[in-house]
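Descriptive structure summary
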Amino acid sequence: MIKVGLISDTHGYLDPEVLDHFEDRDEIWHAGDFGALAVADELKAIAPLLGVYGNIDGRDIRQEYPMHQRFNRQGIDFWMTHIGGVLGRYCLPIREEMEKNPPDVFICGHSHILKIGRDQEKNKMLFINPGAAGHYGVQVYRTCVRFNIDEGRIQDMEVINLGEK
């Protein structure tokens, strides 16, 4: 089993509560807009970190993290990027690839709006936007997500409410 903590849009602020919620995670994934390398360093101190850069991230973060991550865990094909669109309506730069080769799970951030659902037109692809964990943005509540990958299945999906912005 792989225990994953998923976070996005920290914008330079990592709530200490996140550290408690992610302390037992095997991996942490950040879907962009770190805001500062210090956020990445704090997360890496807990568990190995996989991330993508977001539109507010500077050159330092862009040198360490790519725009897209396409990877496999226990036979599940994941695609993580920051600006991905919304469930069923994906951004133009990735729409063509999404049509040709949809992943099993698509992860993005950017909107600051928590959304987890299935795209029935893309082989029931799981769409996950963990919302925003930082103080900046349009969201009312700051959120992140954690889940387990066990024997090729995503299980125990949990939304963590970090309180009001």
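The structure this text deals with has already been given above.
These notes cover the structure that comes with them. This one's a predicted model, so the numbers in the text were calculated from it and none came from an experiment. (Residues numbered from 1 in each chain as written. Predicted model: local features only at pLDDT ≥ 70, side-chain atom pairs only at ≥ 80, totals over all residues. Heavy atoms only, no water.)

1. A closer look at a nonpolar patch on the surface
Where we set the bar: Patch definition: residues with relative accessible area over 30% and no salt bridge; like charges joined within 9 Å; nonpolar side chains (Val, Leu, Ile, Met, Phe, Trp, Tyr) joined within 5 Å. We get accessible surface area from the Shrake-Rupley algorithm with a probe of 1.4 Å; when it comes to residues, only the shown protein chains can shield them. Salt bridge criterion: a side-chain nitrogen from Lys or Arg within 4 Å of a carboxyl oxygen from Asp or Glu. Put simply, DSSP marks the helices as runs of H or I at least four residues long and the strands as runs of E at least two long, and each gets a number from the N terminus on.
The grouping of Leu114, Ile116, Met157 and Val159 at the surface amounts to a nonpolar patch, some 270 Å² of accessible area in total. Its place among the elements puts Leu114 in the loop between β8 (105-107) and β9 (115-119).

2. Quick word on the sheet that holds strand β12 (residues 153-164)
This is how the line gets drawn: Strand pairing is assigned whenever DSSP detects at least two bridges linking the two strands. Comment: axis = line fitted to C-alpha atoms, over the contacting stretch for helices; angle = value between 0 and 180 degrees taken between N-to-C directions.
With mixed pairing, 5 strands are arranged side by side in an open sheet as β3-β2-β1-β11-β12. With one partner strand each, in any of the chains shown, β3 (49-51) and β12 form the two edges of the open sheet. On average, each strand axis in the sheet is inclined to that of its neighbour by 20°, with strand direction left out of account. Sheet topology places strand β1 (residues 2-7) next to strand β11 (residues 141-150); 5 bridges connect them, and they run antiparallel. Residue Val4 lies in a different strand from β11, and its bridge partner there is Phe147.

3. Comments concerning the sheet that holds strand β5 (residues 76-81)
Applied cut-off: In what follows, residue pairs with any heavy atoms lying within 4.5 Å of each other are defined as contacts.
Across the sheet, which stays open at both edges, the 5 strands sit in the order β4-β5-β8-β10-β9 with mixed pairing between neighbours. Lying at the two open borders of the sheet, with one neighbouring strand each, are β4 (68-73) and β9. Shown here is a sheet whose adjacent strand axes are inclined to one another by a mean of 20°, direction ignored. Looking at chain direction, β9 and strand β10 (residues 125-129) are connected through 5 bridges and run antiparallel. Note that in β10 the partner of Lys115 across the bridge is Asn129. Strands in contact with helix α4 (residues 92-100) are β4, β5, β8 and β10; relative to β5, the strand with the most contacts, it is inclined by about 170°.

4. Observations regarding the pairing of strand β2 (residues 27-30)
Heads up, the condition is: Burial classification: accessible surface area is computed with a 1.4 Å probe over protein chains only, and a residue below 20% of its type maximum counts as buried, one above 50% as exposed, and the rest as partly exposed. With its strands directed away from the observer, a crossover is right-handed exactly when the path from the first strand over the helix to the second travels clockwise.
Where burial is concerned, the two faces of β2 agree: the one with Glu27 and Trp29 and the one with Ile28 and His30 are both buried. In this structure, β1 lies alongside β2, joined through 4 bridges in parallel fashion. Counterpart to Leu6 in the pairing with β2 is Trp29. With helix α1 (residues 16-22) bridging β1 and its parallel neighbour β2, the resulting β-α-β unit is right-handed. Read from β2 through helix α2 (residues 37-44) to β3, the crossover connection turns out right-handed.

5. A look at the environment of Val4
In this fold, Val4 is placed in strand β1. Residue Val4 is classed as buried on the basis of its relative accessible area, which comes to 0%. Residues Val4 and Trp29, 25 residues apart in the sequence, show an inter-C-alpha distance of 7.2 Å. Excluding its chain neighbours within four sequence positions, the residues that come into contact with Val4 are Arg25, Glu27, Trp29, Val145, Arg146, Phe147 and Ile149.

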